[in-house]
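Notes for the structure review
So the chains spell out like this:
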Amino acid sequence: MNLPSLLAAMPKAELHIHIEGSLEPELIFQLAQRNGVALPYASVEDLRRAYAFSNLQSFLDIYYAGASVLLHEQDFYDMAWAYLQKAAAENVIRAEIFFDPQTHTARGVAMETVIRGLSRACRDAQKIGVEAELILCFLRHLSEEDAFETLEQALPFREHFIGVGLDSSELGHPPEKFARVFAKCRQQGLHLVAHAGEEGPPAYVWAALDVLHVERIDHGVQSAKDPALMKRLAQDRIPLTVCPLSNLKLCVFPTLAQHNLRELLDAGLCATVNSDDPAYFGGYMNANFLQTFAATGLDAQHAYRLARNSFEGSFADASQKQRAI
Ligand code: ES4
Ligand code: ZN
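Rules of the game
- Residues numbered from 1 in each chain as written.
- Chains lettered and ligands numbered in written order.
- Predicted model: local features only at pLDDT ≥ 70, side-chain atom pairs only at ≥ 80, totals over all residues.
- UniProt positions renumbered as here; feature names shortened; annotations may be inferred.
- Helix = DSSP H or I, 4+ residues; strand = E, 2+ residues; numbered from the N terminus.
- Near = placed C-beta within 6 Å.
- Nonpolar A, V, L, I, M, F, W, Y, C, P; charged D, E, K, R; others polar.
- Contact = placed C-beta atoms within 7 Å.
- Pairing = 2+ DSSP bridges.
- Axes fitted to C-alpha atoms, helices over the stretch in contact; angles between N-to-C directions.

If you check an unreviewed UniProt entry, the chain appears there as Adenine deaminase from Ramlibacter ginsenosidimutans. Under the heading Sequence similarities (unreviewed entry), UniProt records this for the chain: "Belongs to the metallo-dependent hydrolases superfamily. Adenosine and AMP deaminases family. Adenine deaminase type 2 subfamily." Quoted verbatim from the Function (unreviewed entry) field of the UniProt record, the comment on the chain reads "Catalyzes the hydrolytic deamination of adenine to hypoxanthine. Plays an important role in the purine salvage pathway and in nitrogen catabolism."

1. Digging into the overall build of the chain
For the chain, the helix and strand inventory stands at 17 helices and eight strands. Considering only C-alpha atoms, the chain reaches an extent of 50 × 45 × 40 Å along its principal axes.

2. Comments concerning the site of ligand 1
Taken together, His-18, Gly-21, Leu-56, Tyr-63, Asp-167, Ser-168, His-195, Glu-198, Ser-246, Asp-276 and Asp-277 form the complete shell of residues around ligand 1. Of the residues belonging to the shell around ligand 1, the class tally is two nonpolar, five polar and four charged.

3. A short note on the UniProt feature "active site" (unreviewed entry) in the chain
UniProt's entry tags Glu-198 with the feature "active site" (unreviewed entry), counted in the numbering of this structure. For Glu-198, the position within the fold is in the loop between strand 5 (191-196) and helix 10 (202-210). Once you skip the residues sitting within four places of it in the chain, Glu-198 turns out to touch Leu-56, Glu-170, His-219, Val-221 and Val-252.

4. As for the environment of Ala-194
Its location among the elements puts Ala-194 in strand 5. Each C-alpha atom, one on Ala-194 and one on Arg-216, is 7.0 Å from the other, the two residues being 22 residues apart in sequence. What Ala-194 contacts, discounting residues up to four positions off in sequence, is Gly-165, Leu-166, Pro-175, Ala-208, Leu-212, Val-214, Ile-217 and Asp-218.

5. Some words on the sheet that holds strand 4 (residues 163-167)
Spatially, 1-2-3-4-5-6-7-8 is the arrangement adopted by the eight strands of the open sheet, whose pairing is parallel. Whereas interior strands pair on both sides, the edge strands pair on one side only; in this sheet they are strand 1 (12-18) and strand 8 (271-273). The average angle at which neighbouring strand axes cross in this sheet is 25 degrees, direction not considered. Both strand 7 (residues 240-242) and strand 8 contribute to a ladder of three bridges, which runs parallel. What sits directly across from Val-242, in strand 8, is Val-273.

Structure, rendered in C-alpha coordinates:
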(Lines give C-alpha, C1' and ligand atoms only; values in the text may rest on other atoms or scores of the structure.)
(Ligands and ions follow the chains in the order given, each with its own letter.)
Protein backbone atom coordinates (compact mmCIF):
# COMPACT_ATOMS: atom_id res chain seq x y z
CA MET A 1 0.00 0.00 0.00
CA ASN A 2 1.37 3.46 -0.82
CA LEU A 3 1.87 5.97 1.97
CA PRO A 4 -1.15 8.23 1.26
CA SER A 5 -3.44 5.17 1.19
CA LEU A 6 -1.93 3.86 4.43
CA LEU A 7 -2.44 7.23 6.17
CA ALA A 8 -6.06 7.39 5.07
CA ALA A 9 -6.87 3.73 5.78
CA MET A 10 -5.19 3.27 9.17
CA PRO A 11 -7.53 3.29 12.18
CA LYS A 12 -6.72 6.28 14.37
CA ALA A 13 -7.91 8.30 17.35
CA GLU A 14 -8.47 12.05 17.25
CA LEU A 15 -7.62 13.65 20.61
CA HIS A 16 -7.70 17.37 19.75
CA ILE A 17 -10.79 18.65 17.96
CA HIS A 18 -12.88 21.63 19.06
CA ILE A 19 -16.40 20.81 17.95
CA GLU A 20 -17.16 24.52 17.36
CA GLY A 21 -14.13 24.51 15.05
CA SER A 22 -15.75 21.85 12.87
CA LEU A 23 -18.60 24.20 11.96
CA GLU A 24 -18.30 24.64 8.18
CA PRO A 25 -19.33 28.00 6.63
CA GLU A 26 -22.26 26.29 4.83
CA LEU A 27 -23.66 25.02 8.16
CA ILE A 28 -23.03 28.41 9.81
CA PHE A 29 -25.22 30.05 7.15
CA GLN A 30 -27.85 27.29 7.32
CA LEU A 31 -28.13 27.64 11.12
CA ALA A 32 -28.12 31.46 10.94
CA GLN A 33 -31.11 31.26 8.60
CA ARG A 34 -32.90 28.58 10.66
CA ASN A 35 -32.44 30.62 13.87
CA GLY A 36 -32.84 34.15 12.50
CA VAL A 37 -29.34 35.16 13.55
CA ALA A 38 -27.74 38.03 11.60
CA LEU A 39 -24.14 37.46 10.44
CA PRO A 40 -21.64 40.20 9.58
CA TYR A 41 -20.81 38.29 6.34
CA ALA A 42 -22.81 38.47 3.09
CA SER A 43 -22.20 34.90 1.92
CA VAL A 44 -20.36 31.62 2.49
CA GLU A 45 -17.60 32.88 0.20
CA ASP A 46 -17.39 36.19 2.05
CA LEU A 47 -16.99 34.31 5.35
CA ARG A 48 -14.38 31.93 3.93
CA ARG A 49 -12.38 34.93 2.68
CA ALA A 50 -12.09 36.10 6.30
CA TYR A 51 -10.19 32.88 7.17
CA ALA A 52 -6.72 34.42 6.83
CA PHE A 53 -5.13 34.42 10.26
CA SER A 54 -1.92 35.95 11.59
CA ASN A 55 -1.97 34.40 15.08
CA LEU A 56 -4.23 32.60 17.56
CA GLN A 57 -6.25 35.69 18.57
CA SER A 58 -7.09 36.67 14.98
CA PHE A 59 -8.61 33.19 14.56
CA LEU A 60 -10.45 33.13 17.91
CA ASP A 61 -12.33 36.35 17.09
CA ILE A 62 -13.87 34.74 13.97
CA TYR A 63 -14.34 31.34 15.66
CA TYR A 64 -16.47 32.83 18.47
CA ALA A 65 -18.51 34.83 15.91
CA GLY A 66 -19.23 31.59 13.97
CA ALA A 67 -20.45 29.82 17.11
CA SER A 68 -23.10 32.51 17.67
CA VAL A 69 -25.55 30.69 15.33
CA LEU A 70 -25.86 27.75 17.77
CA LEU A 71 -29.01 28.11 19.89
CA HIS A 72 -30.97 24.86 20.16
CA GLU A 73 -30.15 21.28 21.13
CA GLN A 74 -30.62 20.17 17.53
CA ASP A 75 -28.03 22.75 16.35
CA PHE A 76 -25.39 21.21 18.62
CA TYR A 77 -26.43 17.74 17.45
CA ASP A 78 -26.21 18.70 13.77
CA MET A 79 -22.75 20.26 14.22
CA ALA A 80 -21.36 17.21 16.04
CA TRP A 81 -23.03 14.74 13.69
CA ALA A 82 -21.47 16.43 10.64
CA TYR A 83 -18.02 16.07 12.25
CA LEU A 84 -18.59 12.46 13.32
CA GLN A 85 -19.60 11.42 9.79
CA LYS A 86 -16.35 12.91 8.46
CA ALA A 87 -14.41 11.16 11.23
CA ALA A 88 -15.99 7.81 10.31
CA ALA A 89 -15.14 8.32 6.62
CA GLU A 90 -11.48 8.99 7.57
CA ASN A 91 -11.13 5.88 9.73
CA VAL A 92 -11.11 7.81 13.01
CA ILE A 93 -12.50 5.11 15.33
CA ARG A 94 -12.23 7.13 18.55
CA ALA A 95 -12.72 10.89 19.01
CA GLU A 96 -12.28 12.84 22.24
CA ILE A 97 -14.11 16.06 21.45
CA PHE A 98 -13.61 19.46 23.10
CA PHE A 99 -16.52 21.83 23.58
CA ASP A 100 -16.52 25.41 24.91
CA PRO A 101 -19.70 25.80 27.00
CA GLN A 102 -18.90 29.37 28.09
CA THR A 103 -19.15 30.53 24.47
CA HIS A 104 -22.78 29.44 24.58
CA THR A 105 -23.89 30.01 28.18
CA ALA A 106 -22.64 33.64 27.92
CA ARG A 107 -25.26 34.10 25.12
CA GLY A 108 -28.05 32.66 27.26
CA VAL A 109 -27.94 29.07 25.92
CA ALA A 110 -28.45 26.57 28.77
CA MET A 111 -25.66 24.13 29.65
CA GLU A 112 -28.20 21.33 29.31
CA THR A 113 -28.96 22.33 25.69
CA VAL A 114 -25.27 22.22 24.74
CA ILE A 115 -24.44 18.95 26.48
CA ARG A 116 -27.59 17.04 25.49
CA GLY A 117 -27.18 17.91 21.80
CA LEU A 118 -23.50 16.97 21.67
CA SER A 119 -23.93 13.86 23.80
CA ARG A 120 -26.76 12.48 21.66
CA ALA A 121 -24.56 12.81 18.55
CA CYS A 122 -21.71 11.02 20.36
CA ARG A 123 -24.06 8.18 21.32
CA ASP A 124 -25.35 7.86 17.73
CA ALA A 125 -21.75 7.76 16.45
CA GLN A 126 -21.43 4.17 17.69
CA LYS A 127 -23.74 3.19 14.80
CA ILE A 128 -21.17 4.47 12.28
CA GLY A 129 -18.18 2.92 14.04
CA VAL A 130 -16.91 5.91 16.02
CA GLU A 131 -16.49 5.86 19.78
CA ALA A 132 -16.90 9.51 20.81
CA GLU A 133 -16.45 11.20 24.19
CA LEU A 134 -16.68 14.83 25.31
CA ILE A 135 -14.12 17.03 27.12
CA LEU A 136 -15.37 20.31 28.57
CA CYS A 137 -12.93 23.21 28.05
CA PHE A 138 -12.66 26.30 30.21
CA LEU A 139 -11.89 29.54 28.36
CA ARG A 140 -8.64 30.83 29.82
CA HIS A 141 -9.26 34.49 28.89
CA LEU A 142 -12.14 34.41 31.39
CA SER A 143 -11.71 34.25 35.19
CA GLU A 144 -11.23 31.18 37.35
CA GLU A 145 -14.45 32.18 39.11
CA ASP A 146 -16.26 31.92 35.77
CA ALA A 147 -14.70 28.47 35.27
CA PHE A 148 -15.95 27.37 38.72
CA GLU A 149 -19.47 28.54 37.83
CA THR A 150 -19.27 26.63 34.53
CA LEU A 151 -18.19 23.46 36.35
CA GLU A 152 -21.10 23.87 38.79
CA GLN A 153 -23.54 24.14 35.85
CA ALA A 154 -22.01 21.07 34.16
CA LEU A 155 -21.78 18.70 37.14
CA PRO A 156 -25.46 17.63 36.91
CA PHE A 157 -24.41 16.21 33.50
CA ARG A 158 -21.22 14.63 34.83
CA GLU A 159 -21.83 11.31 33.07
CA HIS A 160 -21.81 13.04 29.66
CA PHE A 161 -18.15 14.16 29.69
CA ILE A 162 -14.93 12.38 30.58
CA GLY A 163 -12.63 15.29 31.30
CA VAL A 164 -11.84 18.99 31.25
CA GLY A 165 -9.41 21.10 29.24
CA LEU A 166 -8.19 24.66 28.97
CA ASP A 167 -8.26 26.62 25.72
CA SER A 168 -8.57 30.08 24.08
CA SER A 169 -5.98 32.91 24.30
CA GLU A 170 -2.82 31.41 25.79
CA LEU A 171 -0.39 34.31 26.23
CA GLY A 172 -1.02 36.21 29.47
CA HIS A 173 -3.24 33.41 30.82
CA PRO A 174 -0.85 30.83 32.35
CA PRO A 175 -2.10 27.51 33.73
CA GLU A 176 -1.60 28.67 37.35
CA LYS A 177 -4.66 30.92 36.94
CA PHE A 178 -6.81 27.73 36.97
CA ALA A 179 -5.02 25.72 39.70
CA ARG A 180 -8.02 25.59 42.08
CA VAL A 181 -10.67 24.68 39.54
CA PHE A 182 -8.48 21.93 38.07
CA ALA A 183 -7.90 20.58 41.60
CA LYS A 184 -11.67 20.34 42.04
CA CYS A 185 -12.05 18.58 38.67
CA ARG A 186 -9.37 16.11 39.72
CA GLN A 187 -11.32 15.33 42.90
CA GLN A 188 -14.34 14.62 40.68
CA GLY A 189 -12.33 11.95 38.86
CA LEU A 190 -12.31 13.88 35.59
CA HIS A 191 -9.47 13.47 33.11
CA LEU A 192 -7.36 16.63 32.80
CA VAL A 193 -5.75 18.19 29.70
CA ALA A 194 -4.69 21.74 28.81
CA HIS A 195 -3.52 23.70 25.78
CA ALA A 196 0.07 24.74 26.51
CA GLY A 197 3.07 25.64 24.39
CA GLU A 198 1.03 26.50 21.29
CA GLU A 199 2.15 30.15 21.28
CA GLY A 200 3.13 30.21 24.95
CA PRO A 201 6.55 29.37 26.45
CA PRO A 202 7.82 26.04 27.83
CA ALA A 203 7.09 27.43 31.34
CA TYR A 204 3.37 27.06 30.55
CA VAL A 205 3.89 23.37 29.71
CA TRP A 206 5.76 22.82 32.99
CA ALA A 207 2.93 24.54 34.89
CA ALA A 208 0.23 22.50 33.11
CA LEU A 209 2.07 19.34 34.24
CA ASP A 210 3.16 20.32 37.74
CA VAL A 211 0.43 22.74 38.85
CA LEU A 212 -2.66 21.50 36.99
CA HIS A 213 -1.50 17.83 36.90
CA VAL A 214 -2.75 17.31 33.35
CA GLU A 215 -2.40 13.92 31.68
CA ARG A 216 -1.90 15.33 28.16
CA ILE A 217 -0.63 18.56 26.65
CA ASP A 218 -2.60 20.06 23.74
CA HIS A 219 -0.15 21.37 21.11
CA GLY A 220 3.04 21.56 23.21
CA VAL A 221 5.20 22.24 20.16
CA GLN A 222 7.12 25.02 21.97
CA SER A 223 8.48 22.32 24.35
CA ALA A 224 11.26 21.68 21.81
CA LYS A 225 12.89 24.92 23.05
CA ASP A 226 13.57 23.34 26.48
CA PRO A 227 15.73 20.18 26.56
CA ALA A 228 14.86 19.41 30.21
CA LEU A 229 11.16 19.59 29.36
CA MET A 230 11.64 17.29 26.34
CA LYS A 231 13.30 14.76 28.65
CA ARG A 232 10.41 14.96 31.12
CA LEU A 233 7.78 14.52 28.36
CA ALA A 234 9.63 11.53 26.91
CA GLN A 235 10.29 9.84 30.27
CA ASP A 236 6.71 10.21 31.48
CA ARG A 237 5.18 9.42 28.05
CA ILE A 238 3.06 12.58 28.28
CA PRO A 239 1.07 12.72 25.04
CA LEU A 240 1.26 15.90 22.93
CA THR A 241 -1.78 16.45 20.72
CA VAL A 242 -0.09 18.21 17.81
CA CYS A 243 -2.14 19.97 15.11
CA PRO A 244 0.06 20.65 12.07
CA LEU A 245 -2.39 22.51 9.79
CA SER A 246 -3.52 24.65 12.75
CA ASN A 247 0.10 25.55 13.50
CA LEU A 248 0.61 26.46 9.84
CA LYS A 249 -2.55 28.60 9.55
CA LEU A 250 -1.88 30.42 12.85
CA CYS A 251 1.74 31.08 11.83
CA VAL A 252 3.28 29.03 14.65
CA PHE A 253 5.57 27.61 11.93
CA PRO A 254 6.19 29.49 8.65
CA THR A 255 5.79 26.34 6.52
CA LEU A 256 4.76 22.71 7.13
CA ALA A 257 8.25 21.62 6.08
CA GLN A 258 9.56 23.51 9.13
CA HIS A 259 7.12 21.85 11.54
CA ASN A 260 8.85 20.04 14.40
CA LEU A 261 6.66 16.89 14.53
CA ARG A 262 9.58 14.71 13.40
CA GLU A 263 11.83 16.22 16.09
CA LEU A 264 9.20 15.42 18.75
CA LEU A 265 8.84 11.82 17.53
CA ASP A 266 12.60 11.31 17.21
CA ALA A 267 13.04 12.53 20.81
CA GLY A 268 10.78 9.65 21.89
CA LEU A 269 7.71 11.72 22.74
CA CYS A 270 4.17 10.38 22.46
CA ALA A 271 3.20 12.93 19.78
CA THR A 272 -0.09 12.58 17.90
CA VAL A 273 -1.63 14.27 14.84
CA ASN A 274 -4.99 16.04 15.15
CA SER A 275 -7.14 18.58 13.29
CA ASP A 276 -7.92 21.21 16.02
CA ASP A 277 -10.47 23.37 14.10
CA PRO A 278 -10.77 21.60 10.74
CA ALA A 279 -13.40 23.90 9.20
CA TYR A 280 -11.11 26.90 9.74
CA PHE A 281 -7.67 25.39 9.09
CA GLY A 282 -8.33 23.65 5.79
CA GLY A 283 -8.44 20.00 6.70
CA TYR A 284 -9.68 17.12 8.80
CA MET A 285 -7.49 14.28 10.12
CA ASN A 286 -6.38 12.75 6.85
CA ALA A 287 -5.47 16.13 5.32
CA ASN A 288 -3.31 16.79 8.39
CA PHE A 289 -1.54 13.44 7.97
CA LEU A 290 -1.18 13.64 4.18
CA GLN A 291 0.10 17.21 3.99
CA THR A 292 2.47 16.85 6.96
CA PHE A 293 3.96 13.60 5.63
CA ALA A 294 4.38 15.11 2.16
CA ALA A 295 6.06 18.24 3.52
CA THR A 296 8.37 16.66 6.10
CA GLY A 297 9.24 13.29 4.52
CA LEU A 298 7.90 11.15 7.37
CA ASP A 299 7.53 7.46 6.40
CA ALA A 300 5.33 4.41 7.05
CA GLN A 301 7.10 3.66 10.35
CA HIS A 302 6.16 7.15 11.54
CA ALA A 303 2.58 6.54 10.41
CA TYR A 304 2.30 3.38 12.52
CA ARG A 305 3.94 5.19 15.43
CA LEU A 306 1.46 8.07 15.24
CA ALA A 307 -1.54 5.73 15.04
CA ARG A 308 -0.28 3.77 18.07
CA ASN A 309 0.43 6.98 19.98
CA SER A 310 -3.13 8.18 19.33
CA PHE A 311 -4.57 5.15 21.11
CA GLU A 312 -1.91 5.09 23.83
CA GLY A 313 -2.62 8.77 24.53
CA SER A 314 -6.40 8.33 24.50
CA PHE A 315 -8.63 7.95 27.55
CA ALA A 316 -10.09 4.71 26.24
CA ASP A 317 -10.17 1.99 28.86
CA ALA A 318 -7.35 -0.55 28.87
CA SER A 319 -9.23 -3.29 27.02
CA GLN A 320 -10.28 -0.91 24.22
CA LYS A 321 -6.69 0.35 23.91
CA GLN A 322 -5.39 -3.19 23.71
CA ARG A 323 -7.74 -3.97 20.84
CA ALA A 324 -6.70 -0.87 18.91
CA ILE A 325 -2.93 -1.22 19.44
C1 ES4 B 1 -8.16 26.84 19.62
CL2 ES4 B 1 -6.12 26.50 17.90
C3 ES4 B 1 -6.79 26.90 19.44
N4 ES4 B 1 -5.99 27.28 20.43
C5 ES4 B 1 -6.53 27.64 21.59
N6 ES4 B 1 -7.83 27.61 21.84
C7 ES4 B 1 -8.65 27.21 20.85
N8 ES4 B 1 -9.97 27.09 20.81
C9 ES4 B 1 -10.31 26.66 19.59
N10 ES4 B 1 -9.20 26.51 18.85
ZN1 ZN C 1 -6.98 23.43 20.21
